[in-house]
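# Survey of secondary and tertiary structure
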Amino acid sequence: MTRIKAKLILYWRDLPHLFRIIFTVVVVLSLLAWGYSAFLSLHYGDQVSIPVIPKDSSEYATLSDSIINDHSFSKDQSGPETFRTPGYPAFVALIRVVTGGSFLSVTFVQLVLALFTALLIQKIGKIHFSSKIGTLAATIFLLNPTTLILSLIIHSEILFIFL
């Protein structure tokens with residue numbers, strides 16, 4: 001365990017100083033935004049639709065419910081779903097089963113994936129181009145408001161950007 005910790009510390013210290021500051025600020029702001037969305041969801045339940053919003057998000061939620069409760073992949077009992085693929089609903093269902101059924105836990109995992117994706121972008125850019133290019137690309141990804149918004153709702157984009 002200490003080897004892994006030492007490698008992580010070394011990796012963190014190798015990142016450019018400005019990127020470490022930006023990353024830390026984005027982590028704090030992201031956690032505050034997640035906490036606020038959790039507060040809204042828990043205290044105002046039916047009045048707000050966070051993290052499950054209309055259209056795609058509600059379909060993913062319904063499909064994950066179907067996987068958990070009925071062990072099937074269907075929005076209703078009329079037959080299997082043919083429009084959506086099962087990958088993201090299965091991801092949502094797995095997290096909900098492991099954490100007790102909350103969609104908020106899914107958004108927290110998505111937030112962590114988005115932050116980890118930024119580190120991967122920085123590393124890939126550094127390997128294939130230069131440290132400056134990797135840092136710039138990761139910073140643009142981190143500061144893009146869409147990244148944060150998509151992390152806080154039930155949508156497949158963050159998982160598939162990570163993959």
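Our subject is the structure listed above.
Residues numbered from 1 in each chain as written. Predicted model: local features only at pLDDT ≥ 70, side-chain atom pairs only at ≥ 80, totals over all residues. Heavy atoms only, no water.

## Describing the pattern of salt bridges
Close approach of charged atoms allows side chains with opposite charge to pair. Here the structure, examined in full by the defined rule, presents three salt bridges. Of the charged contacts in the structure, one is a salt bridge between R84 and E59, with a shortest N-O distance of 3.0 Å. In this pair, R84 is assigned in the loop between helix 3 (56-70) and helix 4 (87-99) and E59 in helix 3, connecting sequence segments 25 residues apart. Of the charged contacts, one joins R96 and D65 as a salt bridge, the two residues approaching to 2.6 Å between their closest N and O atoms. Placement of the pair is R96 in helix 4 and D65 in helix 3, with a sequence separation of 31 residues. Relative accessible area serves as the criterion here: at 28%, D65 is assigned to the partly exposed category. Among the ionic contacts, a cluster of salt bridges with common partners joins D56, E59 and R84. (Salt bridge = Lys/Arg side-chain N within 4 Å of Asp/Glu carboxyl O. Helix = DSSP H or I, 4+ residues; strand = E, 2+ residues; numbered from the N terminus. Buried < 20%, exposed > 50% of the residue type's maximum accessible area, 1.4 Å probe, protein only.)

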